[in-house]
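What follows is the residue order along each chain.
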Amino acid sequence: MMSDHYGGEDNPHEPIKIIEYYKLGFNIGNVVKYILRAGIKYPSIEGKIEDLKKAIWYLGREIENLEKEKNKIEDMSHEIQFDDDWKDNEYDATLRLE
C-alpha cells in the first residue's frame with residue numbers, strides 16, 4: 001500500500017508506475033519521485049525545498065555518470081585504429097593499438 005503523498009495505489013500517475021513504465025533507472029527515477037512529491041509529503045516550503053534539492057542531487061549524479069561513460073567510450077575509440085587497407089581484405093584486418 002502506497003502512502004498518500006505518492007498518489008495512492010489507484011493513481012495511474014503514481015511515481016513508481018511512471019518510473020517502471022519508462023524504465024528510468026535508479027537516479028532518474030528518484031528525480032521523478034522527488035519532484036512529484038515535492039511539497040506533498042512534507043507540506044511546507046522547507047519540505048518542498050528539501051525534495052527539490054534531492055531531485056537535483058540525483059540528476060547531478062546521473063549527469064556525472066553519463067559524462068564518465070562518455071569519456072570512457074571516447075578514450076576507447078582513440079585507442080583503436082585500423083590501417084587504411086583494412087577494407088581491401090575483410091579476413092585480415094590489421095588492428096593497431098596506440
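Worth saying up front: this structure is predicted, and the values here are computed from it rather than measured.

Q: Please clarify how the overall build of the chain should be interpreted in this entry.
A: Counting its secondary structure elements, the chain contains three helices and two strands. Going from N to C terminus, the chain has its helices and strands arranged as α-α-α-β-β. Counting all 98 residues of the chain, 18% fall into the buried class. Counting contacts in the chain only where the partners sit at least 6 residues apart, residues at least 24 apart contribute 25% of the total. Looking at the chain as shown, the accessible area adds up to about 8100 Å², and 56% of this sits on carbon and sulfur atoms.

Q: Can you help me understand the packing of aromatic side chains in this one?
A: The geometry of an aromatic ring pair comes down to the distance between the two centres and the angle between the two planes. Enumeration over the complete set of coordinates arrives at four aromatic pairs. A centroid spacing of 5.8 Å and a plane angle of 75 degrees characterise the contact between F26 and Y58, whose relative ring orientation is edge-to-face. Taken together, the residues span a long stretch of sequence, with F26 in helix α2 (residues 25-37) and Y58 in helix α3 (residues 45-79) at a distance of 32 residues. By relative accessible area, F26 is classed as exposed at 61%. Here the aromatic rings of Y34 and Y58 are separated by 6.0 Å at their centres, their planes lie at 15 degrees, and the arrangement is stacked.

Q: Teacher, can you tell me more about the pattern of salt bridges here?
A: For side chains of opposite charge, pairing can occur when their charged atoms come near one another. Summed over all chains, the structure comprises three salt bridges. Residue D51 is joined to R37 by a salt bridge in which the shortest nitrogen-to-oxygen separation is 3.0 Å. Remark: R37 occurs in helix α2 and D51 occurs in helix α3; sequence separation between them is 14 residues. There is no split in this pair, since D51 and R37 are both buried. Here K70 ties to E74 by a salt bridge, and the two come within 3.3 Å at their closest N and O atoms. Within this pair, K70 and its partner E74 are both found in helix α3, separated by four residues, close to a single helical turn. Owing to a relative accessible area of 32%, E74 belongs among the partly exposed residues under this scheme.

Q: Explain unusual backbone geometry here, please?
A: Glycine aside, negative phi is the norm for most residues, and most peptide bonds take the trans geometry. Phi angles above zero are rare outside glycine, and K23 is one such case at about 50 degrees. By secondary structure assignment, the location of K23 is in the loop between α1 (15-21) and α2. On the accessibility criterion, K23 (73% relative accessible area) is exposed.

Conventions used here
Residues numbered from 1 in each chain as written. Predicted model: local features only at pLDDT ≥ 70, side-chain atom pairs only at ≥ 80, totals over all residues. Heavy atoms only, no water. Helix = DSSP H or I, 4+ residues; strand = E, 2+ residues; numbered from the N terminus. Buried < 20%, exposed > 50% of the residue type's maximum accessible area, 1.4 Å probe, protein only. Contact = heavy atoms within 4.5 Å. Areas by Shrake-Rupley, 256 points an atom, 1.4 Å probe, with all protein chains shown as cover. Phe/Tyr/Trp six-rings, centres within 6.5 Å; stacked < 30°, edge-to-face > 60°. Salt bridge = Lys/Arg side-chain N within 4 Å of Asp/Glu carboxyl O.

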